[in-house]
Amino acid sequence: MVHVAEQRPFHVRFGWGGEDLAVLGPVSDILVIVDVLRFTTAVSVAVTRGAQVLPFRRRDATAGRFAARRGAVLAGRREDPATPWSLSPADLARIPAGTRLVLPSPNGAALSAKAADLGTTLIAGCLRNAAAVGDLLAAEVTAGRYIAVIAAGERWPDPSGHEHAGPLRPALEDLLGAGAVIASVVDTGALPRSWVSPEARAAMAVFRAAEPDLHDELCGSVSGRELLNLGWDDDVASAARLNADPIVPVLHGGAFSASAGQVR
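These figures come from a predicted structure and were not determined experimentally.

Draft legend 1. Region of interest: unusual backbone geometry. R8 connects to P9 through a cis peptide bond whose omega is 5°. Along the polypeptide, P9 turns up in the segment before β1 (12-16). Here the bond from L37 into R38 is cis, since omega is 20°, no more than 30 degrees from zero. Along the polypeptide, R38 turns up in the loop between β2 (30-34) and α2 (39-48). In this structure, Q7 takes a positive phi of about 60° despite not being glycine. Here Q7 is to be found in the segment before β1. With a phi close to 60°, N243 is a non-glycine residue in the positive phi region. In this structure, N243 sits in the loop between α11 (233-239) and β10 (249-252). With relative accessibility at 38%, the residue N243 sits in the partly exposed group.

The structure is reproduced here in C-alpha coordinates:
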(Lines give C-alpha, C1' and ligand atoms only; values in the text may rest on other atoms or scores of the structure.)
Protein backbone atom coordinates (compact mmCIF):
# COMPACT_ATOMS: atom_id res chain seq x y z
CA MET A 1 0.00 0.00 0.00
CA VAL A 2 1.26 3.48 -0.89
CA HIS A 3 1.52 5.74 2.15
CA VAL A 4 0.34 9.30 1.51
CA ALA A 5 3.38 10.62 3.42
CA GLU A 6 5.59 9.31 0.60
CA GLN A 7 4.44 12.34 -1.47
CA ARG A 8 3.84 10.29 -4.57
CA PRO A 9 3.51 10.89 -7.51
CA PHE A 10 5.60 14.07 -7.13
CA HIS A 11 9.19 13.98 -8.39
CA VAL A 12 10.48 16.65 -5.98
CA ARG A 13 9.66 16.05 -2.31
CA PHE A 14 10.46 17.71 1.00
CA GLY A 15 10.53 16.50 4.59
CA TRP A 16 12.00 16.98 8.05
CA GLY A 17 14.54 14.95 9.97
CA GLY A 18 14.84 11.24 10.47
CA GLU A 19 11.09 10.80 10.60
CA ASP A 20 10.53 11.90 7.00
CA LEU A 21 13.83 10.37 5.89
CA ALA A 22 12.49 6.97 6.95
CA VAL A 23 9.40 7.46 4.78
CA LEU A 24 10.80 9.34 1.77
CA GLY A 25 14.22 7.69 1.56
CA PRO A 26 13.13 4.23 0.41
CA VAL A 27 10.89 5.65 -2.35
CA SER A 28 13.33 8.27 -3.71
CA ASP A 29 16.27 7.87 -6.09
CA ILE A 30 18.30 10.75 -4.67
CA LEU A 31 18.38 12.25 -1.18
CA VAL A 32 19.62 15.72 -0.29
CA ILE A 33 20.39 16.33 3.39
CA VAL A 34 20.35 19.99 4.47
CA ASP A 35 21.90 21.15 7.77
CA VAL A 36 22.84 24.77 7.15
CA LEU A 37 24.17 25.55 10.65
CA ARG A 38 26.50 23.83 10.27
CA PHE A 39 27.13 20.30 8.97
CA THR A 40 26.28 20.46 5.25
CA THR A 41 27.71 23.97 4.97
CA ALA A 42 30.96 22.64 6.45
CA VAL A 43 30.86 19.72 3.99
CA SER A 44 30.35 22.08 1.04
CA VAL A 45 33.26 24.30 2.06
CA ALA A 46 35.63 21.39 2.73
CA VAL A 47 34.77 19.51 -0.46
CA THR A 48 35.16 22.68 -2.51
CA ARG A 49 38.69 22.88 -1.09
CA GLY A 50 39.37 19.33 -2.28
CA ALA A 51 38.88 17.51 1.03
CA GLN A 52 36.75 14.45 1.67
CA VAL A 53 34.29 14.41 4.56
CA LEU A 54 33.20 11.23 6.34
CA PRO A 55 30.01 11.79 8.34
CA PHE A 56 29.78 10.20 11.80
CA ARG A 57 26.83 10.10 14.15
CA ARG A 58 28.51 11.33 17.34
CA ARG A 59 31.78 12.59 18.73
CA ASP A 60 32.86 9.94 21.23
CA ALA A 61 35.50 7.24 21.63
CA THR A 62 34.12 5.33 18.65
CA ALA A 63 34.66 8.35 16.39
CA GLY A 64 38.40 8.27 17.02
CA ARG A 65 38.61 4.59 16.19
CA PHE A 66 36.50 5.12 13.08
CA ALA A 67 38.84 7.88 11.88
CA ALA A 68 41.94 5.77 12.54
CA ARG A 69 40.57 2.82 10.55
CA ARG A 70 39.89 5.07 7.58
CA GLY A 71 43.11 7.03 7.62
CA ALA A 72 41.26 10.23 8.44
CA VAL A 73 41.54 13.16 10.83
CA LEU A 74 38.81 13.48 13.45
CA ALA A 75 37.25 16.95 13.71
CA GLY A 76 37.01 18.37 17.21
CA ARG A 77 35.18 21.25 18.81
CA ARG A 78 35.89 24.73 17.53
CA GLU A 79 36.65 26.01 21.01
CA ASP A 80 39.40 23.39 21.44
CA PRO A 81 42.72 24.82 20.15
CA ALA A 82 44.24 21.32 20.03
CA THR A 83 42.07 20.36 17.04
CA PRO A 84 42.56 22.29 13.78
CA TRP A 85 39.23 21.31 12.19
CA SER A 86 35.66 21.32 13.44
CA LEU A 87 32.12 21.95 12.20
CA SER A 88 33.14 25.56 11.54
CA PRO A 89 32.84 26.34 7.80
CA ALA A 90 34.89 29.49 8.39
CA ASP A 91 37.82 27.42 9.66
CA LEU A 92 37.41 24.77 6.96
CA ALA A 93 37.95 27.42 4.30
CA ARG A 94 41.69 26.71 4.77
CA ILE A 95 41.63 22.89 4.95
CA PRO A 96 44.26 21.39 2.61
CA ALA A 97 43.17 19.46 -0.47
CA GLY A 98 43.33 15.72 0.01
CA THR A 99 42.45 15.82 3.71
CA ARG A 100 40.11 13.06 4.86
CA LEU A 101 38.03 14.47 7.69
CA VAL A 102 35.65 12.60 9.98
CA LEU A 103 33.00 15.17 10.86
CA PRO A 104 30.55 14.20 13.60
CA SER A 105 27.32 16.08 14.22
CA PRO A 106 24.09 15.04 15.95
CA ASN A 107 21.85 16.22 13.11
CA GLY A 108 23.29 16.46 9.59
CA ALA A 109 25.97 13.81 10.01
CA ALA A 110 23.62 11.46 11.88
CA LEU A 111 21.01 11.82 9.12
CA SER A 112 23.67 11.29 6.45
CA ALA A 113 24.73 8.06 8.14
CA LYS A 114 21.11 6.88 8.23
CA ALA A 115 20.60 7.83 4.59
CA ALA A 116 23.79 6.01 3.59
CA ASP A 117 22.35 2.83 5.06
CA LEU A 118 19.48 3.06 2.56
CA GLY A 119 21.86 2.72 -0.38
CA THR A 120 20.36 5.77 -2.09
CA THR A 121 22.47 8.43 -3.80
CA LEU A 122 23.17 11.04 -1.13
CA ILE A 123 24.03 14.73 -1.55
CA ALA A 124 24.92 17.37 1.05
CA GLY A 125 22.99 20.53 0.22
CA CYS A 126 23.02 24.03 1.68
CA LEU A 127 22.66 27.67 0.69
CA ARG A 128 26.26 27.83 -0.52
CA ASN A 129 25.84 25.09 -3.14
CA ALA A 130 22.12 25.36 -3.94
CA ALA A 131 22.63 26.34 -7.59
CA ALA A 132 25.20 23.59 -8.22
CA VAL A 133 22.97 20.97 -6.60
CA GLY A 134 19.96 22.29 -8.52
CA ASP A 135 21.78 22.08 -11.86
CA LEU A 136 22.68 18.46 -11.23
CA LEU A 137 19.28 17.42 -9.93
CA ALA A 138 17.26 19.14 -12.64
CA ALA A 139 18.56 16.75 -15.29
CA GLU A 140 17.89 13.80 -13.01
CA VAL A 141 14.31 14.86 -12.34
CA THR A 142 13.71 15.56 -16.03
CA ALA A 143 14.92 12.01 -16.73
CA GLY A 144 12.18 10.71 -14.44
CA ARG A 145 14.02 10.24 -11.16
CA TYR A 146 12.60 11.13 -7.77
CA ILE A 147 14.36 13.31 -5.22
CA ALA A 148 13.69 14.09 -1.58
CA VAL A 149 15.19 17.12 0.13
CA ILE A 150 15.41 16.54 3.89
CA ALA A 151 15.85 19.48 6.25
CA ALA A 152 17.75 18.14 9.26
CA GLY A 153 16.29 20.44 11.89
CA GLU A 154 17.40 20.28 15.52
CA ARG A 155 16.36 18.12 18.46
CA TRP A 156 14.90 19.21 21.77
CA PRO A 157 16.39 17.61 24.90
CA ASP A 158 14.64 14.42 25.97
CA PRO A 159 12.73 14.28 29.29
CA SER A 160 15.92 13.33 31.15
CA GLY A 161 17.75 16.37 29.75
CA HIS A 162 19.97 14.64 27.19
CA GLU A 163 20.71 17.02 24.32
CA HIS A 164 19.72 16.11 20.75
CA ALA A 165 17.72 13.11 21.98
CA GLY A 166 14.20 14.50 22.11
CA PRO A 167 11.59 15.39 19.49
CA LEU A 168 12.33 17.28 16.29
CA ARG A 169 12.64 21.07 16.40
CA PRO A 170 12.18 22.46 12.89
CA ALA A 171 14.95 24.97 12.17
CA LEU A 172 14.48 28.01 9.95
CA GLU A 173 17.95 27.85 8.43
CA ASP A 174 17.37 24.30 7.17
CA LEU A 175 13.99 25.25 5.71
CA LEU A 176 15.71 28.08 3.83
CA GLY A 177 18.51 25.82 2.61
CA ALA A 178 16.08 23.15 1.45
CA GLY A 179 13.94 25.79 -0.23
CA ALA A 180 16.98 27.18 -2.04
CA VAL A 181 17.87 23.74 -3.42
CA ILE A 182 14.29 23.11 -4.52
CA ALA A 183 14.04 26.57 -6.14
CA SER A 184 17.25 25.88 -8.07
CA VAL A 185 15.92 22.55 -9.32
CA VAL A 186 12.65 24.14 -10.43
CA ASP A 187 14.27 27.19 -12.04
CA THR A 188 17.00 25.24 -13.83
CA GLY A 189 14.76 22.48 -15.11
CA ALA A 190 11.63 24.54 -15.76
CA LEU A 191 9.66 21.75 -14.07
CA PRO A 192 5.89 21.68 -14.25
CA ARG A 193 4.15 22.51 -10.98
CA SER A 194 2.60 19.04 -10.91
CA TRP A 195 6.05 17.48 -10.42
CA VAL A 196 6.77 19.37 -7.17
CA SER A 197 4.95 18.40 -3.98
CA PRO A 198 3.04 21.06 -2.04
CA GLU A 199 5.48 20.55 0.83
CA ALA A 200 8.42 21.25 -1.49
CA ARG A 201 6.65 24.26 -3.02
CA ALA A 202 6.07 25.67 0.47
CA ALA A 203 9.77 25.37 1.35
CA MET A 204 10.64 27.05 -1.94
CA ALA A 205 8.24 29.92 -1.22
CA VAL A 206 9.80 30.54 2.19
CA PHE A 207 13.24 30.72 0.62
CA ARG A 208 12.12 33.12 -2.11
CA ALA A 209 10.60 35.43 0.51
CA ALA A 210 13.79 35.41 2.61
CA GLU A 211 16.34 35.49 -0.23
CA PRO A 212 16.94 39.27 -0.19
CA ASP A 213 17.90 39.15 3.51
CA LEU A 214 19.42 35.70 4.01
CA HIS A 215 22.18 36.81 6.35
CA ASP A 216 19.79 38.71 8.62
CA GLU A 217 17.34 35.81 8.61
CA LEU A 218 20.06 33.36 9.65
CA CYS A 219 21.31 35.74 12.34
CA GLY A 220 17.81 36.06 13.75
CA SER A 221 17.06 32.35 13.76
CA VAL A 222 17.34 30.32 16.96
CA SER A 223 20.40 28.44 15.71
CA GLY A 224 21.96 31.64 14.39
CA ARG A 225 21.56 33.39 17.72
CA GLU A 226 23.15 30.41 19.45
CA LEU A 227 26.24 30.76 17.24
CA LEU A 228 26.32 34.54 17.63
CA ASN A 229 26.26 34.12 21.41
CA LEU A 230 29.36 31.94 21.08
CA GLY A 231 31.10 34.59 19.00
CA TRP A 232 30.89 32.55 15.81
CA ASP A 233 29.27 35.14 13.59
CA ASP A 234 31.75 34.18 10.86
CA ASP A 235 30.10 30.76 10.61
CA VAL A 236 26.69 32.37 10.14
CA ALA A 237 28.09 34.70 7.48
CA SER A 238 29.72 31.77 5.71
CA ALA A 239 26.50 29.77 5.71
CA ALA A 240 24.54 32.71 4.26
CA ARG A 241 26.71 33.00 1.12
CA LEU A 242 24.20 31.83 -1.46
CA ASN A 243 25.72 29.87 -4.37
CA ALA A 244 29.31 30.52 -3.27
CA ASP A 245 30.40 26.92 -3.91
CA PRO A 246 30.28 25.49 -7.45
CA ILE A 247 30.47 21.82 -6.42
CA VAL A 248 28.08 19.04 -5.43
CA PRO A 249 29.22 16.89 -2.48
CA VAL A 250 28.09 13.32 -3.18
CA LEU A 251 28.67 10.40 -0.81
CA HIS A 252 31.00 7.80 -2.35
CA GLY A 253 32.47 4.98 -0.29
CA GLY A 254 31.36 6.57 2.96
CA ALA A 255 32.84 10.02 2.21
CA PHE A 256 31.45 13.18 0.67
CA SER A 257 33.58 14.27 -2.28
CA ALA A 258 33.11 16.38 -5.38
CA SER A 259 30.80 14.91 -8.00
CA ALA A 260 32.52 14.08 -11.24
CA GLY A 261 29.29 14.45 -13.21
CA GLN A 262 25.66 13.57 -13.08
CA VAL A 263 24.38 11.24 -10.40
CA ARG A 264 23.87 7.67 -11.61
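Draft legend 2. Structural detail: the pattern of salt bridges. For the structure shown, the criterion picks out 11 salt bridges. Note that R57 is salt-bridged to D117, the shortest N-O span being 3.1 Å. Highlighted residues: R57 in the loop between β3 (52-56) and α3 (61-69) and D117 in helix α5 (residues 108-117), separated in sequence by 60 residues. Since its relative accessible area comes to 34%, R57 is described here as partly exposed. The structure contains a network of salt bridges with shared partners spanning R38, R78, D91, D234 and D235.

Draft legend 3. Main features of the side chain of H11. By secondary structure assignment, the location of H11 is in the segment before β1. What makes H11 buried here is its relative accessible area of 10%. Here the side chain of H11 touches R145 through a polar contact of 3.2 Å, landing on its backbone oxygen. When neighbours within four sequence positions are excluded, H11 is seen to be in contact with V141, G144, R145, Y146, I147 and W195.

Draft legend 4. Structural view of the environment of V36. For V36, the position within the fold is in the loop between β2 and α2. Using a relative accessible area of 0% as the deciding quantity, one classes V36 as buried. Spatially, the C-alpha atoms of V36 and G108 are 8.7 Å apart, while their sequence positions differ by 72 residues. Not counting residues within four places of it along the chain, the set of residues in contact with V36 comprises T41, C126, L127, E173, D174, G177, L218 and A239.

Draft legend 5. Representation of helix α10 (residues 222-229). Of the positions making up α10, those classed as buried are S223, G224 and L227. Relative to the axis of α10, the buried residues are bounded by an arc of 100° and lie together on one face. Positive phi shows up at G231, right after α10, with a value of about 85°.

Draft legend 6. Region of the structure containing α3. Within α3 the residues assigned to the buried category are A63, F66 and A67. Buried positions in α3, seen along its axis, are confined to an arc of 95° and lie on one side of it. Facing away from the buried side of α3 by over 90 degrees, the exposed positions are A61, A68 and R69. Where α3 is buried, its residues meet β3, β4 (73-74) and β5 (100-104). The positive-phi residue at the C-terminal boundary of α3 is G71, with phi of around 60°.

Draft legend 7. Main features of the packing of helix α6 (residues 130-142) against helix α7 (residues 172-189). In the contact formed by α6 and α7, the axes pass within 7 Å of each other and the chain directions differ by 55°. When the axis of α6 is compared with that of α7, the two are oblique. Between α6 and α7 lies a crossing of right-handed hand. Judged by residue contacts, A130, A131, V133, G134, D135, L137, A138 and V141 of α6 engage A180, V181, S184, V185, T188 and G189 from α7. Classifying every residue of the contact of α6 with α7 gives nine nonpolar, four polar and one charged.

Draft legend 8. Spatial organisation of the side chain of S28. Mapping S28 onto the fold places it in the loop between α1 (17-24) and β2. A distance of 2.8 Å separates a polar atom in the side chain of S28 from the backbone oxygen of L24. Non-local contacts of S28, meaning those with residues more than four positions away in its chain, are made with R13, T120, Y146, I147 and A148.

Conventions we followed
- Residues numbered from 1 in each chain as written.
- Predicted model: local features only at pLDDT ≥ 70, side-chain atom pairs only at ≥ 80, totals over all residues.
- Heavy atoms only, no water.
- Helix = DSSP H or I, 4+ residues; strand = E, 2+ residues; numbered from the N terminus.
- Buried < 20%, exposed > 50% of the residue type's maximum accessible area, 1.4 Å probe, protein only.
- Salt bridge = Lys/Arg side-chain N within 4 Å of Asp/Glu carboxyl O.
- Polar contact = N/O pair within 3.5 Å; in protein donor to acceptor, adjacent residues only side chain to side chain.
- Contact = heavy atoms within 4.5 Å.
- Arc of directions from axis to C-beta.
- Axes fitted to C-alpha atoms, helices over the stretch in contact; angles between N-to-C directions.
- Parallel < 35°, antiparallel > 145°, perpendicular 65-115°, else oblique.
- Left-handed = near helix turned anticlockwise from the far one by under 90°.
- Nonpolar A, V, L, I, M, F, W, Y, C, P; charged D, E, K, R; others polar.

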